[in-house]
Structures are given as C-alpha cells and as structure tokens.
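Architecture and fold: a report
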Amino acid sequence: MQIPAFWRNIRFLQALGQLAFVLILALAAGFLYANVSTNLARQGLTVGYGFLNNPASFDIGESYIPYDASDSYGRALLVGLVNTLVVSILGIILTTIVGVIAGIARLSSNWLISRFAIAYVGVIRNTPLIIQLMFWYFGIILQLPAVKEAVALPGSIYLTRRGVYLPWFETQPAFDSWKIFIWIALASIVLIWLIFRWNQSRSNLPIPFWWNLAYLLVPILILWISLILQPQPPLQENIPILTGLNFQGGLRWTPEFAALLFGLVVYTGAFIAEIVRAGIQAVSRGQLEAARSLGLSTGQALRLIVFPQALRVIIPPMTSQYLNLAKNSSLAIAIGYPDLFSIAGTVANQTGAVVEVILIMMLSYLSMSLFTSLLMNIYNSRVRLVER
Amino acid sequence: MKEADNSQDIIISHDVHKWFDNFHVLKGINLNVKRGEVVVIFGPSGSGKSTFIRCINRLEEHQKGQIIVDGVELTNDIRNIEAIRSEVGMVFQQFNLFPHLTVLQNVMLAPVWVRRSSKDQAGETAMQLLRRVGIPEQANKYPGQLSGGQQQRVAIARALAMQPKIMLFDEPTSALDPEMIKEVLDVMVELAKTGMTMLVVTHEMGFARAVASRMFFFDEGQIVESGTPDEIFKSPKEDRTKLFLSQILSH
Amino acid sequence: MTAIEMQPPRLSIGPLAWLRKNLFSTWYNALLTFAGLALIYSLLRPAIQWSLTEARWGVIAANLTLFMIGQYPREELWRIWLTIFMLSALIGLSWGVWKDAARGFAFIALGSGLAFAVIGLLLNSDVWINWLLADAILLVFYAAGRLLPSRGGSIAAIGWLLYFPLIFLLIAGTRFISWLPAVQTSLWGGLLLTLMLTIVGNIGSLPLGILLALGRRSKLPIIKYFSIGYIELIRGVPLVTILFMAELLLPLFLPADMARPDRVLRAMVGLILFEAAYQAENVRGGLQSINRGQYEAGHALGLSGALTMSLIILPQALRAVIPALFNSFVSLFKDTSLVAIIGLFDILRIGRSVLAQSEWLGTHREVFLFAFIIYWGFNLAFTYGSRRMEEALGVGKR
C-alpha cells in the first residue's frame, strides 16, 4: 500500500497528538515541581522521609498494636492504619447484615415494614454522614448512662457513655500450640472449594445447595474437636464484670469507635439496602414465573434462579459501597477517633512534612481501594453471564 | 504497483484482505464496479459482505490489498479518506438517524457543516430530496415519530444530500417490517434508474432481478461466484451458490 | 345476554381488605406490625414531647442569619436577595415556557417562599416581605413566559447560562465595580457557603469531567491511561484527603510570588478536581449508551471526529446523563459538609461555634437537628423537582 505523506497520515497524527500531550504534562509537572521546591526552600523545609524515625511525642487514644509517645512517627501512622482497617472490616461485615435486612424489608408485603425501610433509606441517604456521626457521638453515645447504670444487653454486653463492653477471649498458655488448628481450619475451606471444583468438572450437575454448608461446618468441626481434645483450654471467656468504678475484663469499644462504627454501618446500610432491592427487582418477574411453572417451590425458585442472578447485579455496586465505607472512615477526625487520616494530620502538623505525609496517606487509601477493586474484578469475570 | 485506472471503474478493489484480530474475514477480494452500475452482494451472514462495503468508506480498515475509489486510493492519508467519504454515501441497516434532530435537520447537517452550504440552500435541497423519497410532510418531525420505512427513506435522503457519486447500502431492508420493505426498495429502484452507482448488500432477490447489473456471491470471506442476475438465477455454477439460492428463494 | 352486576365480596376490597392484605396477611406479619407500631410509639412520643417542650429552639432563632450566610457583611445583604429574586424570575419564566419540565421546581420554590415568609413572621423579622416578593416575581415571570413562549424560551436559556457566573460575581464582588465591593470569601459561611461550593463544584467539574470521559474512551494509549489513572486515583481516596491536599499543597504548587488563594478558593479547587472524576464516570455512562451506529453515520457523512462528537454524540450523551448530573449535585451538596474539617465555616462549623456560646450550652440536639433538616429538606426538594423534570422530558425511558 502506498504510504501517504506524513503530515496527512492518521497514524502519524495520532502519535503526534500523544507526544504533544505528554509534553504538556511534562511541562506542567516540571512547573509545579519547580514551584514546590522554591516554596519549600523558602520555608526552610526539605523533602525526605527521615522524620518517620523521629519520636512522635503524642499519645493516641486507642490502638490495637502497642504504642506509646516515645514510638516513632512511622509507628504512629501504622497505628492509624490499623485503626482504620479494624473499623472498616468490622463495619463492612455489620453493614452487609443491616443492608440486606433493610433491602429485603423494603420488598416485604407488610406495608408497615416496607415503609420503615423506605423511611430509613430516605432519611439516612439524604443527610451528610458527618452530621450523622456527630449525632451518634454527641447525641447518643455520650448520652448513654454512666458506668454504674449501664444498659445491659443479653450476652453480657453493656452500653455506657464510657464505651461499649463486650465479652472476649483471653489466651491461655496452651493457645500457642493450639493456634495451628486455626490455620488447619482455614486451609480446610480452600480444600473444600477445590474438592467441589474437581467434582464439578467431572460431572456437569451443580452441587446441591446445602452442601455449601460444608464451608461453615467443617472448619467449626475442626476447631471444636481440637478444643475438646486439648488437655488445657487455650481460650477462656472474658466477661466484663462491674468492679468498683469500672468494668474489668472483656473487650471495650471506646465511645468514639462505637459512634464511628454505628454511624458508618447505618449510613452505608441504607445504600446497600437500595442496591439489594434493585438487584432482586432486576431479575425479571418472568424468571420467577417460569421457575414456578416448572414446579419449583417459591423457596427453591428464589434460591436457584433469582438470587444467583440478583447477586450478579448486586455485588459490583455493593463492593463500591464497601470502599465508600472504608473511605468514609476518614471522617473519624470529626469525633476524635484516631484513624489514619487524623493521625496523619497530626504528624503533618508537627513535622511540617506535609507532602510526604499526604503521599503516604493517599497511597494507603489507594492500596485499599485497588485491592478491593481487584477482588471485585476477579469475581465479576468469573460470574459474568456468557453472552454472544 | 498502481495499475492504470480504467476510467470506467469507479471502485477498484484488488486482493483486499482483512483480519479481525486472528479471524480472517476478507480473503483476497477482487471486485470492480463501473460507473452507473448497480452491484448486489449477497451471501450467508458472517461471509464478510458488510465488512467489505464498510471498507470502501473506511468504516473498517483493510490490512492488505488496494481499494481505489474514483481514482483515489484508500490509505491512512486523512485527505484521501475525507475526499472519499464525501463522494460515497452510506445507508445502514439500523438507519442511524440522529434522534435529537428533526428529519429536515438530519438531512441538512452534513451539507452545512462539511460542504459549508448556506442554511437556506441546504434546506431547499433537503426538501427536494424529501419530496423525492416521498415524505416531505415529515420534515419537522423527529425520527422517533416515524415508521421504520419512513426512517430509512430519510436516511437515503440524508446520504443523497451530499451529492455522492456512489451509494453503499448495508442490508437496508433487513430491519424493516415486511409491509415497509417495498416503499424503501421503490426509492432504491428509482435511484438506480437515474444512473447512480450503487453497491448493495441485501437478501432482496426481487430487487436484484429488477435493477442489478451484476451480482456477487460472498461466502467465508471470498467471492464464490459473480455474474449478471440472469446468469446467477438461471444457471449458477457453484454448488454453494445453488444451495444458498435454494434456501432464500424458497421463501 | 344481560350484563351481570355484582359487588365484590366485602372482605376482599376496601379499607378492611387493605389492612388484612398489607399488615396482617400472615401471623408473623401481624406480629411485625404490632412490633413496628410499638416501636413507633415508643420512639416518637418522647421525641415529639421533647421537641415541643424541652427543646430550646431559641438557639436557632437567635443565630439564624449566622447559619444562613455566616459572616457576610450585613450591608451587602441586598446582593443575596438579588440572587434569590433572579432565581425566582428564572424559575417562573422556565415554568411558563417549558411548563411541565419546570413545574416541580416551581412548586418547590413557591412553597418554600411561602413557608419562609411564615417563619419570618413568627420570628418577627421583616424578611417575610422579601419572601412574598420572591413568590410574586416568580408568578409574574410565569405569566410572561406563558404569553411569550418563543422569546421567553431563548431568554430563559441565556438566563440560566449566565446565572451562575453572575451570582458568583454578585456575591464575591470585585474591586472594579464600585457599588459591588469585593467580599472576602473567608466571610462566606453557612448555607450560602455550602450552596456556592456546591454550584461551583458541580459546574466547574463538568468540562473537566467531559474531557476525562472522552480521554478514557480514546484509542490513544497515553491519553487513555492518563485518564484512567486520574479517575482511579481520585476515586480511590476519601474526599477529605483531597480537601486536605488542596488546603496544604495548593499554595506550594503556585509560583512563589503569586498571592495565596484564600481557603474557600482552595476548597473549591479541591471539590472541582474531586467531582470531575465522578462526573467523568457519569458522562462515560452516557457516551456508552450511544449506539455505535451514530458515530458511523456521522463519519459516513464526512463529518470529522470533532464535529461528530460535538454535533451528534455529546448532545445525546449529555441528555442521557441528566439524572446522574442531578444526583451528583445532591451528593456534592452533602459532601460539602466536609469542609468543616478544613476549617471553613459551613453550617456545621457554625453550629459548633454556636454551641460554644455560653448561653446555648447543651443544645446540640437542636442544632444538629436543624442542620439535619436543612440538608434533608433541600435534598428532598431538589430530588422531587429533578424527578418531575426527568419525567416531563422522558429522559431515561426511551
């Protein structure tokens, strides 16, 4: 084929366009970089990550890893990251429960219940999260009774204005040697999955749904049997008991953590409710009708036909809500929970290393997001309906 | 090596190959069209017929071989592509009218923006064309308000507004309800009689019989057989042609 | 054959039947209904009692202007009223010209004008005159729009296009116009600040969002990956970090001798950069909904890529995207509440400073409820208006 003159060649023009774009970007980046350097030099600051090793000299209200004021800034940031992860993961689990219940309630045939769900979604989704968090913190948690008159919930759970107390475990000496059974239980889940897959590839029949219970029962069985067989118990229950002015033992959620958790769970739950509702409704009625007319009971039709299809529609937006919850945890600063953002702010203030701290912070959030997106993409590509 | 153009041939395609990733969709097409000819291309779906005519106005890019339209070779040269596109009009299976513009605006759009006609002139020409295809009264309606047959006729008028030398038709009646096919075919027949060079991909054998100068049977990316309608219908040479004709003519 | 006329059996139609079907259809439904009613009663009764007797609503009444406009100089209040009047006029005109599409918003405007007038009367303030005036202006322009639909249409379109830059000018002022002295953005506060941030954020982010969406769909790899990178980066981090970045880093990025932009401007830049990534996804959804055939028809007619995009694709895509645009307006309105964290005086921050006043200690429930109602009310009203508009335009249903 004849090669046209280069100034009219589409390929050349496209390459030129991209080159121009890169040049503009590079120029802009260079310009910004020059400005940053000049400005920093004027203020007598330099860019570097050495400050991470300096002692932090500030306390952090709550932490899941050991920390005190003499630890480094780097460690402080790590504490913040862990705090963020804890509230995010716990929040994700709880909000899924709340959201699914609310979503199903929305579709209930009981008028009152569905109105409740509609009101819940309508109010929560239309107001800013930060106001809801403040309401939870100032308006609810801090208004709870003092420790002496704690609100007692079944199962030794106590609600007070000093925090929420829950029963927890305490590790005994035997725990170290027993730990391995936890790993075995986890491995068994993977093993079961492999067995099912192998079985599936041999025969073309889907496995009966109730076999999926194996994922739950087998690990629990392993843990339980290993517990019985142990000569000494590796774990002991730790119930909060009111002694004097405070509760001893058990797990304590600070008021800040509790308010943040409940606020995030309720807020994100409203969005998940709508997603669940839309997902179930997206499966056309015709599917349910066809299933019923084949003789399946409503329960079977829902389980085998409606839910699998609904799940496909539900999972992608639901994972982005999970991500939103993790990102929204940064509002913790408004009520004093020391999450990654609030600690990063403190560090930036104290060291003046604004650029570095912001980079670290954004990288952390970005990693969380990308990791979640990756998981979602993997799931999506596996369950995508095969179409022409 | 460029061959000496035959001044009669307005489209020359020589050993044209095209791949979609690894799929070899056009395997060496040699097809020449003379001025004023009406060429009908037919064949089973997936045989590459639509892909071929879409290569002629560069909606698809061929990777090997030559396509020369009215003396201009089709390459990566922008000027060539634009020149060819303004000489070649296309009518699509799905009409592809612009839903946010009225019928009249649809027809006027290209002349105003590409040929820089004045609005008045473009408007007049547009109305003439709408009269020619038989629906002048729909000028101020939106495409969504028209029937399929009417929409396709607007699409033909829109393509004609650029005064093309060649008209390409990509299965123009396949998306129409049966009762509307005739009105569109009538317009196409009238167009053929005015001497327009037409390259038509279609299953409508009645149309082919009436106005086609030549017919080409495509199968699996190659031209299996070609000839005048008489030759094709009365004495097809290849077995595949016979098989295909028996399948569609039995309707 | 005579027609058969019978009444349906009494228990299957009518209010009794409705109760039976919707509330008591099965035993567990009946149980849920009773539990629900009990819950409502136990929650609502103390709440209503509290709000009518114990609550000290004076905290709101005394600080109402603060909540609404922050520290905006009181002598320049007329400018804000002018923007409200212009808005009334535009809504009225749009209602007259485009009838059903603007009707939702018109009703909201009329209703809220009336409500605010009543509240003003109750609080013994003179503002009720202004609110009634706003409603009157709306009705006058409605009549004008009905009488002159074609002229009115073009005036309305131009009016809306000019409105947002105009109110920015009015409220910010400039030193070049003597009767419109500049008002520092640091004095903007309350609902005024929230609305200005929302408007600037939404409108400013749209051009960038369109560019990013086009870049995202481009075949040129560098442009495509840059767009993807930007969008994923912004969407992967919380808004507060972007605002934080804007607050602290923007001054660093500017040439050393340029004046430091004030904090509200920095927040606006942060919001625009943030929202653009989300708008890009909206526009991309709209672009994806456009049939490939539209592109092909444009190219076949000889239109260049740019012409095809601007004359054929974008008009259709943007129309498909209108519901999402309204949604993002509403969510940006909520998101601006985060500027309290970087020290700007939006409604929430003002609320906190009001709570610190010794006279009003302990009134946090009232204050938060007030902020809550403002956000909720605005969102509901806006959602209602935009839904009416979508219905009238038949958007998203084609």
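Residues numbered from 1 in each chain as written. Chains lettered and ligands numbered in written order. Predicted model: local features only at pLDDT ≥ 70, side-chain atom pairs only at ≥ 80, totals over all residues. Heavy atoms only, no water.

Let's shift gears to the sheet that holds strand β4 (residues 64–69) of chain B. Pairing between the strands of a sheet comes from backbone hydrogen bonds, and it takes one of two forms, parallel or antiparallel. All names here are of chain B. If you trace the 4 strands from one edge of the open sheet to the other, you get β2-β1-β4-β5, paired in antiparallel fashion. Only two strands of the sheet have a single neighbouring strand rather than two, namely β2 (23–34) and β5 (72–73). As defined by bridge partners, strand β1 (residues 9–20) adjoins β4 across 5 bridges and the pair is classed as antiparallel. Its bridge partner being in β4, Ile11 is matched across the sheet by Val69. Relative to β2, helix α1 (residues 49–56) is tilted by about 60 degrees, and along the sheet it contacts β1, β2 and β4. (Pairing = 2+ DSSP bridges. Helix = DSSP H or I, 4+ residues; strand = E, 2+ residues; numbered from the N terminus. Contact = heavy atoms within 4.5 Å. Axes fitted to C-alpha atoms, helices over the stretch in contact; angles between N-to-C directions.)

Time to look at the confidence of the model for chain B. Detailed conclusions should not be drawn from predicted coordinates in areas where pLDDT is low. Mean pLDDT over chain B works out to 90, with 96% of the residues at or above the 70 mark. Segment residues 1–6 of chain B is flagged for pLDDT under 50; beyond a separation of four residues in sequence, or across chains, it makes 4 contacts in the model. (pLDDT = per-residue confidence, 0-100.)

Among the surface-exposed residues, A:Trp111, C:Trp18, C:Leu19, C:Phe24, C:Phe34 and C:Leu37 lie close enough to one another that they form a single nonpolar patch of about 560 Å² accessible area. Of all the secondary-structure elements, those providing two or more residues to the nonpolar patch are α1 (15–22) and α2 (27–54) of chain C. Note that C:Leu37 resides in helix α2. (Patch = residues over 30% accessible without salt bridge, like charges linked within 9 Å, V, L, I, M, F, W, Y side chains within 5 Å. Areas by Shrake-Rupley, 256 points an atom, 1.4 Å probe, with all protein chains shown as cover. Salt bridge = Lys/Arg side-chain N within 4 Å of Asp/Glu carboxyl O.)

Turning to the environment of C:Phe370, a few remarks are in order. Residue and element names in this part refer to chain C. Topologically, Phe370 is positioned in helix α16 (residues 364–393). Residue Phe370 is classed as buried on the basis of its relative accessible area of 14%. In this structure, the C-alpha to C-alpha distance between Phe370 and Glu281, residues 89 residues apart in sequence, is 34 Å. In this structure, Phe370 is in contact with Ile60, Leu64, Phe67 and Met68, ignoring residues within four places of it in sequence. (Buried < 20%, exposed > 50% of the residue type's maximum accessible area, 1.4 Å probe, protein only.)

Let's shift gears to the confidence of the model for chain C. Residue and element names in this part refer to chain C. The pLDDT averaged across chain C works out to 84; a share of 96% of its residues lies at or above 70. Ranking the elements of chain C by mean pLDDT puts α1 last, at 72, and helix α13 (residues 292–300) first, at 91. Complex prediction metrics read pTM 0.78 and ipTM 0.82.

This part covers the interface of chain B and chain A. Every contact between the two is made by 11 residues of chain B and, on the other side, 9 residues of chain A. Of the roughly 940 Å² buried at the junction of chain B and chain A (both faces included), carbon and sulfur atoms supply 52%. In terms of surface lost to chain A, no three residues of chain B exceed B:Asn76, B:Asp77 and B:Ile78, which account for 47% of the buried area on that side. Linking chain B with chain A are 0 salt bridges, by the criterion used here. For the pair chain B and chain A, the interface holds 0 residue pairs in polar contact (both at pLDDT 80 or more). By residue number, the principal contributor to the side of chain B that touches chain A is helix α2 (residues 78–87) of chain B, which donates 3 residues. Tallied by class, the residues present in the side of chain B that touches chain A amount to 2 nonpolar, 5 polar and 4 charged. (Buried area = accessible area lost by both parts, 1.4 Å probe. Polar contact = N/O pair within 3.5 Å; in protein donor to acceptor, adjacent residues only side chain to side chain. Nonpolar A, V, L, I, M, F, W, Y, C, P; charged D, E, K, R; others polar.)

Glancing now at the packing of helix α8 (residues 149–172) of chain C against helix α9 (residues 190–217) of chain C. Residue and element names in this part refer to chain C. α9 packs onto α8 with a crossing angle of 140 degrees between their chain directions and a minimal axis gap of 11 Å. Between α8 and α9, the interaxial angle falls into the category oblique. For the crossing formed where α8 meets α9, the hand is left-handed. Along its contact with α8, which presents Phe164, Ile167, Phe168 and Ile171, the element α9 presents Leu192, Met196, Ile199, Val200 and Ile203. (Parallel < 35°, antiparallel > 145°, perpendicular 65-115°, else oblique. Left-handed = near helix turned anticlockwise from the far one by under 90°.)

This paragraph deals with the packing of aromatic side chains. If you walk through the whole model with that rule in mind, you get 31 aromatic pairs over all chains. Here A:Phe138 and C:Phe368 contribute two aromatic rings whose centre-to-centre distance is 6.0 Å and whose plane-to-plane angle is 25 degrees, an arrangement assigned as stacked. Pair noted here: A:Phe138 is in helix α4 (residues 129–140) and C:Phe368 is in helix α16, and the two residues belong to different chains. Residue class for A:Phe138 comes out partly exposed when judged on its relative accessible area of 21%. Taken together, C:Phe105, C:Phe326, C:Phe329, C:Phe333, C:Tyr375, C:Phe378 and C:Phe382 form an aromatic cluster joined through their ring pairs. In this structure, B:Arg158 is placed above the aromatic ring of B:Phe98, and the distance from its NZ or CZ to the ring centre is 4.5 Å. (Phe/Tyr/Trp six-rings, centres within 6.5 Å; stacked < 30°, edge-to-face > 60°. Lys NZ or Arg CZ within 6 Å of the ring centre and 35° of its normal.)

In this section: the interface of chain C and chain A. Contacts between the two partners involve 51 residues from chain C and, on the opposite side, 50 residues from chain A. In this assembly, chain C packs against chain A so that about 4,700 Å² is buried in total across both faces, 76% of it on carbon and sulfur atoms. Our count for the chain C to chain A interface comes out at 0 salt bridges. Counting across the chain C and chain A interface gives 9 residue pairs in polar contact (both at pLDDT 80 or more). Elements supplying a minimum of two residues to the side of chain C that touches chain A: α1, α2, α10 (221–236), α11 (239–253), α15 (347–356) and α16 of chain C. Residue composition of the side of chain C that touches chain A, grouped by class: 35 nonpolar, 10 polar and 6 charged.

Let us look at the sheet that holds strand β10 (residues 222–227) of chain B. All names here are of chain B. With mixed pairing, the 6 strands of this open sheet are ordered in space as β6-β7-β8-β3-β9-β10. The open sheet is flanked by β6 (88–91) and β10, the only strands paired with a single partner. Along the sheet, successive strands turn relative to each other by an average axial angle of 20 degrees, direction set aside. In the sheet, strand β3 (residues 38–42) pairs with strand β8 (residues 197–201) via 4 bridges, with the strands oriented parallel. Across the sheet, residue Val38 finds its bridge partner in β8, namely Met198. Sitting on the sheet, helix α6 (residues 178–193) touches β3, β7 (166–170) and β8, and the angle it makes with β8 is about 145 degrees. Where helix α9 (residues 239–249) meets the sheet, its contacts fall on β3, β9 (214–219) and β10, and the angle it forms with β9 comes to roughly 100 degrees.

Residues and elements named next belong to chain B. Residue alternation in β6 divides its side chains into two sets, Val88 and Met90 and Gly89 and Val91, and both sets are buried. Relative to β7, β6 runs parallel, the two sharing 4 bridges. Within β7, the position partnered with Val88 by the bridge is Ile166.

We now examine the side chain of B:Thr102. Looking at where B:Thr102 falls in the secondary structure, it is placed in the loop between β6 and α3 (103–113). Excluding anything up to four places from it in sequence, B:Thr102 contacts B:Ala139, B:Asn140, B:Lys141 and B:Tyr142.

Attention now goes to unusual backbone geometry. The bulk of non-glycine residues show a negative phi, and the bulk of peptide bonds are trans. All names here are of chain B. Despite not being glycine, Asn96 shows a phi value in the positive range, around 55 degrees. Inspection of the secondary structure puts Asn96 in the loop between β6 and α3. Backbone geometry places Arg116, a non-glycine residue, at a positive phi of 55 degrees. On the basis of relative accessible area, Arg116 is assigned to the exposed category, the value being 70%.

In total, this model carries 23 salt bridges over all chains according to the counting rule given. For C:Arg292, the salt bridge is made with C:Glu296, and the minimal N-O distance between the two is 3.3 Å. Taken as a pair, C:Arg292 and C:Glu296 lie in helix α13 at a separation of 4 residues, close to a single helical turn. A residue is classified by how much of its surface remains accessible, and C:Glu296, at 11% relative accessible area, is buried. The structure contains a network of salt bridges with shared partners spanning B:Arg35, B:Asp70, B:Glu87 and B:Lys165.

Turning to the packing of helix α2 (residues 73–106) of chain A against helix α9 (residues 298–328) of chain A, a few remarks are in order. Geometry of a packed helix pair, given as the angle between the helix axes and the separation of the axes. Residue and element names in this part refer to chain A. For the pair α2 and α9, the least separation of the axes is 9 Å and the interaxial angle reads 140 degrees. By the criterion of interaxial angle, the relationship of α2 to α9 is oblique. As for the relative orientation of α2 and α9, their crossing is right-handed in sense. Contact with α2, carried on its side by Val87, Ser88, Gly91, Ile92, Thr95 and Thr96, involves Met318, Tyr322, Leu325 and Ala326 of α9 and no other residues of that element. Taken together, the residues of the contact of α2 with α9 sort by class into 6 nonpolar, 4 polar and no charged.

Across its 31 residues, α9(A) extends only 39 Å between first and last C-alpha, which sits more than 12% below the 45 Å expected from 1.5 Å per residue. The largest bend along α9(A) measures about 40 degrees and falls at A:Val306, with the proline A:Pro308 one to four residues further on. (Expected span 1.5 Å × (residues − 1). Bend = angle between axes of the 7 residues up to and from the residue.)

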